[in-house]
Amino acid sequence: MRTLNGRRVLITGGASGLGRMLAKKFVDAGAFVGIADLNARAMRTTAKELGVRGYELDVTNPGSIQKCRKAFLADSGHIDILVNNAGIVFGGAFATIPLDQHRLTFEVNAIGPVSVTHAFYKDLCARPEASIVFVASASGYIGLPNGTSYASSKWAAIGFAESLRLELQEEGKRHVHVTTVCPSYIDTGMFSGAEAPLFTPMLQTEVVADAIVKAIQTNRKFVELPWIVRWIQTLRGLLPRSLFDRVMHVTGVSKSMSHWKGKSSS
Ligand SMILES: NC(=O)c1ccc[n+]([C@@H]2O[C@H](COP(=O)([O-])OP(=O)(O)OC[C@H]3O[C@@H](n4cnc5c(N)ncnc54)[C@H](O)[C@@H]3O)[C@@H](O)[C@H]2O)c1
């Protein structure tokens, strides 16, 4: 999808952080942009600031997704790019986090992208060229102490994106591209208090957004940032499990969430 000019783009979780920055980048590229978010107040503010359309959306609620789809398509006519970006995290030791929060993490991060993609799937396939983006995480490649349900929900999101991408290929729908995004920690505040491990400095939101936009334009299947994230799966396959665990410990990955505070206290 070389040019983004005139493309219709919907970004879930677009009111803040990475989604907001992506919306700005798409606007700069001449796209028609809609941001959809649970936080209605932030959504309205961002929509006004960026001059984009805003929609209330709860990705855990099929009725809300249908309402958002109807409103977006009424405004835009069609959809070319869907960015599944909405996400949440509750950091802390597994047993200290209420079960409801673990379950909600899966509902938003794993089932959310399935539900939203399901709602827009036929609309996207009907276009001459379309792109579906899944903002997962580098934690979808590893085990993350104090981020158990977050990391595992991202494993699920990556597995879904990968399966859908291959299904599209098998069905000959090569005009629908899937991009899976796996960044380590980004400076949006979602992971405030977390300590960036060795070789993975805190990423700047703009750098990640630029990489995603470029990946859409070149139909790239993965965005893995920083570079070392690309090697995690290789390392896991090559090293004995105990040695891989040691690498995760020594580089600080396994301790990185020990002091997570998140947005509320940032
Ligand atoms: N910040 C990081 O370090 C980091 C690293 C890797 C991946 N990610 C992923 O990037 C994405 C964006 O995160 P961010 O860092 O910009 O955080 P953020 O909190 O700024 O953005 C997430 C947005 O999702 C929205 N949201 C939450 N629940 C929702 C729901 N049920 N329905 C609709 N919208 C909902 C929030 O209101 C918020 O605007 C997330 O999927 C996150 O998991 C973030």
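Refer to the preceding data block for the structure.
Fair warning: this is a prediction, and the values are worked out from it, not measured in the lab.

**Some remarks on the sheet that holds strand 2 (residues 32-37)**
Ordered by their spatial adjacency, 7 strands build an open sheet running 3-2-1-4-5-6-7, and the pairing between neighbours is parallel. Both edges of this open sheet fall to strand 3 (53-56) and strand 7 (222-225), since each of them pairs with a single strand only. Shown here is a sheet whose adjacent strand axes are inclined to one another by a mean of 15°, direction ignored. Here strand 1 (residues 8-12) runs beside strand 4 (residues 81-84); their pairing, made up of 3 bridges, is parallel. The residue of strand 4 that forms the bridge with V9 is I81. Strands strand 1, strand 2 and strand 3 of the sheet are contacted by helix 3 (residues 62-76), whose axis makes an angle of about 165° with strand 2. Packed onto the sheet, helix 6 (residues 205-217) meets strand 4, strand 5 (130-135), strand 6 (176-183) and strand 7 and runs at close to 160° relative to strand 7.

**A word on the site of the ligand**
Taken together, the neighbourhood of the ligand is formed by 28 residues, with G13, G17, A86, G87 and T188 sitting nearest. Ranked by the residues each element gives to the shell around the ligand, the list is headed by helix 1 (residues 17-28), at 3 residues. Counted by class, the shell around the ligand contains 15 nonpolar, 11 polar and 2 charged residues.

**Regarding the nonpolar core**
Burial of nonpolar side chains together is a common tendency in soluble globular proteins. In terms of nonpolar packing, the biggest core is built from 74 residues, with V9, L22, I35, L82, V83, V133 and I212 touching the most fellow members. Among the elements that line this core, the one with the most residues is helix 5 (residues 148-170), at 7 residues. Contact partners of L82, with chain neighbours within four places excluded, come to L10, V116, T117, F120, L124, I132 and V133.

**Section: the environment of L225**
Of note, L225 is situated in strand 7. Sequence spacing of L225 and Q101 is 124 residues, and the spatial spacing of their C-alpha atoms is 27 Å. When sequence neighbours within four positions are dropped, the list of residues in contact with L225 reads P183, S184, L203, V208 and A211.

**A closer look at the packing of helix 4 (residues 99-125) against helix 5**
Two elements in contact, helix 4 and helix 5, have axes whose closest approach is 9 Å; the angle formed by their N-to-C orientations is 15°. Here helix 4 is positioned roughly parallel relative to helix 5, judged by the angle of their axes. As helix 4 packs across helix 5, the resulting crossing turns out to be right-handed. For the pair helix 4 and helix 5, contact is made by H102, T105, F106, N109, A110, P113 and V114 and by S149, Y150, S153, K154, A156, A157 and F160, respectively. Residues belonging to the contact of helix 4 with helix 5 are distributed by class as follows: 8 nonpolar, 5 polar and 1 charged.

**Looking at the pairing of strand 7**
Bridge analysis of strand 6 against strand 7 gives 4 bridges, and the strand direction is parallel. Each bridged residue has a counterpart across the sheet, and for T180 the counterpart in strand 7 is F222. Between the parallel pair strand 6 and strand 7, the chain is carried across by helix 6, and the sense of this crossover is left-handed.

**Quick notes on the environment of G63**
If you trace the backbone, G63 turns up in helix 3. Once the C-alpha coordinates of G63 and T148 are considered, the two residues, 85 residues apart in sequence, prove to be 29 Å apart.

What counts, and at which threshold
- Residues numbered from 1 in each chain as written.
- Predicted model: local features only at pLDDT ≥ 70, side-chain atom pairs only at ≥ 80, totals over all residues.
- Pairing = 2+ DSSP bridges.
- Helix = DSSP H or I, 4+ residues; strand = E, 2+ residues; numbered from the N terminus.
- Axes fitted to C-alpha atoms, helices over the stretch in contact; angles between N-to-C directions.
- Contact = placed C-beta atoms within 7 Å.
- Near = placed C-beta within 6 Å.
- Nonpolar A, V, L, I, M, F, W, Y, C, P; charged D, E, K, R; others polar.
- Core = buried A, V, L, I, M, F, W, Y, C linked by C-beta atoms within 7 Å.
- Buried ≥ 20, exposed ≤ 12 C-beta atoms within 10 Å, placed from the backbone.
- Parallel < 35°, antiparallel > 145°, perpendicular 65-115°, else oblique.
- Left-handed = near helix turned anticlockwise from the far one by under 90°.
- Right-handed = clockwise from strand over helix to strand, strands pointing away.

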